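# Structural overview for review
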Amino acid sequence: CSYCIIPYARGRVRSLPVEQAIEQTARLADAGVHEIVLTGIEIASYGRDLAPRLTLTDLLEQLLGALPDIRFRLGSLDPRIIDETFCERLRGFDNLALHFHLSMQSGCDTVLQRMNRKYDTARYYESVRLLNQYFHCPAVTTDLIVGFPGETEEEFVQTLDFIQKCAFSSMHIFPYSKRPGTPAAQRPDQILNQVKEERAHRAAAVAEAMEQRYLSRWPGETVSVLFEEQRDGAWHGYTTRYVPVCVKSAENLHNCLRDVHILSAEHGTLRGELA
């Protein structure tokens, strides 16, 4: 991408063989781990360097089948990996976390071209549509860069319209920042910091409204929560969709998977009681 310095330092794709991945996850499961995140610089490229060549979907099928009691969560995904094959092969696994973080960066095609991204908004939205078609209420999250060099007000408004169309459950929003040595940093049409900050606030307001709409689906439902820590007199954890949940309980819930009946959605968190 025209704004990213990482490719200059990371080297070639290096994939952990499936057998080693299963062995490592089995050891973690024996140690009491309930959730494992598959992550890396670019996990959608998994398997390109292996012989025979494999895909991330191949790896997931093996892991999900070998360790049905472990919840597997995916790291950041190139949206192009989400296709009919991906969804068809993985929708039958109950231990796949229904949280899909699709890299976006902009919801405007002309900005995506200047960023040197490899997809357009039509292809991106197709990924969102497929996830919602094949999985029940998936949490689709993303990253957004505002104020990329040359971004006009019209292009920014296109992005606002697009993110509302996608109805993300949560977003990370960043004002563009220069990375010396990248093509974007050398462009003469840099955006003023004041404009970048103002656009970030406008995008954040839209994102907050979408997040609240997603959270409002869950009161009255019972969901599985993996608890992580006690804070402010309550236990906090995450659902399979990476939605934060808190409950008040005298039990020690650290690293426990428990069903929780959701009572309300407040300030970006679901509040509930142990079922």
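Here the structure is a predicted model, which means the values were calculated and not measured. Numbering of residues starts from 1 in each chain and follows the order in which that chain's sequence is written. Totals for whole chains, interfaces and linings use all residues, but because this is a predicted model, local features are given only for residues with pLDDT of at least 70 and pairs of side-chain atoms are given and counted only at 80 or more. Excluding hydrogens and water, the side-chain figures rest on all heavy atoms present in the structure.

## Observations regarding helix α6 (residues 121-134)
The periodicity of an α-helix, 3.6 residues per turn, causes residues three or four positions apart to be oriented the same way. Note the threshold: Helix and strand assignments come from DSSP, with helices taken as H or I runs of at least 4 residues and strands as E runs of at least 2, each series counted from the N terminus. Multiplying one less than the number of residues by 1.5 Å gives the expected span of a helix. Relative accessibility thresholds used throughout: buried, under 20% of the residue-type maximum; exposed, over 50%; partly exposed, between the two (1.4 Å probe, protein chains only).
Across its 14 residues, α6 extends 20 Å between first and last C-alpha, which sits within 8% of the 20 Å expected from 1.5 Å per residue. Taken together, the buried positions of α6 are occupied by Thr 121, Tyr 124, Ser 127, Val 128, Leu 130, Leu 131 and Tyr 134.

## Thoughts on the sheet that holds strand β6 (residues 222-231)
In sheet architecture, strand pairing relies on hydrogen bonds along the backbone and comes in two forms, parallel and antiparallel. Our working rule: When DSSP finds two or more bridges between two strands, those strands count as paired. Orientation is described by axes fitted as lines to C-alpha atoms, over the contacting stretch for helices, and by angles from 0 to 180 degrees between their N-to-C directions.
Pairing is mixed around the closed barrel formed by five strands, whose spatial order is β6-β7-β8-β10-β9. Between one strand axis and the next, the sheet turns through 50 degrees on average, direction left out of account.

## Digging into the state of the cysteines
Operational definition: Note on terminology: pairs of cysteine sulfur atoms within 2.5 Å are recorded as disulfides.
The final tally for this structure, using the stated rule, is zero disulfides. A disulfide-free cysteine, Cys 87 has its sulfur positioned 15 Å from the sulfur of Cys 166, the nearest such atom. Exposure remark for Cys 87: the relative accessible area of 0% places this residue in the buried category. The structure places no disulfide on Cys 108, whose sulfur is separated from the nearest cysteine sulfur, that of Cys 166, by 13 Å.

## Details of the packing of aromatic side chains
The test is simple: In this scheme Phe, Tyr and Trp rings, the latter by its six-membered ring, pair at centre separations within 6.5 Å, and the angle between planes marks the pair as stacked below 30 degrees, edge-to-face above 60, and tilted otherwise.
The tally for this structure, following the rule as stated, stands at eight aromatic pairs. When the ring of Phe 86 is compared with that of Phe 100, the centres are 6.5 Å apart and the planes differ by 75 degrees; the resulting orientation is edge-to-face. With Phe 86 in helix α4 (residues 84-90) and Phe 100 in strand β3 (residues 99-105), this pair connects stretches of sequence that are 14 residues apart. Among the residues examined, Phe 86 registers a relative accessible area of 0% and is labelled buried. Residue classification places Phe 100 among the buried residues on the basis of a relative accessible area of 0%. Centre to centre, the rings of Tyr 214 and Trp 218 are 6.0 Å apart; their planes meet at 70 degrees, and the pair counts as edge-to-face. For Tyr 214, a relative accessible area of 5% corresponds to the buried category.

## Considerations on the side chain of Ser 169
Defined as follows: By definition in these notes, contact holds between two residues if any of their heavy atoms fall within 4.5 Å.
Its place among the elements puts Ser 169 in the loop between α7 (153-166) and β5 (170-175). Beyond its immediate chain neighbours, meaning those up to four positions away, Ser 169 contacts Ala 139, Val 140, Thr 141, Glu 211 and Tyr 214.

## Digging into the pairing of strand β2 (residues 71-74)
Burial along β2 is two-sided: the face carrying Arg 71 and Arg 73 and the face carrying Phe 72 and Leu 74 are both buried. Pairing of strand β1 (residues 35-38) with β2 involves four bridges; the strand directions are parallel. Bridge pairing in β2 links Val 37 to Arg 73.

## Details of the sheet that holds β3
The parallel open sheet is built from three strands, whose spatial order is β3-β4-β5. Looking at the sheet topology across the chains shown, the edges are occupied by β3 and β5. Neighbouring strand axes in the sheet, compared pairwise and without regard to direction, differ in orientation by 15 degrees on average. Pairing geometry for strand β4 (residues 139-146) and β5, over six bridges, is parallel. Bridge assignment links Asp 143 to a residue of β5, and that residue is His 172. Sheet strands touched by helix α8 (residues 193-215): β4 and β5. Its angle to β5, the strand with the most contacts, is close to 175 degrees.

No statement about biological role is implied by the geometric values presented.
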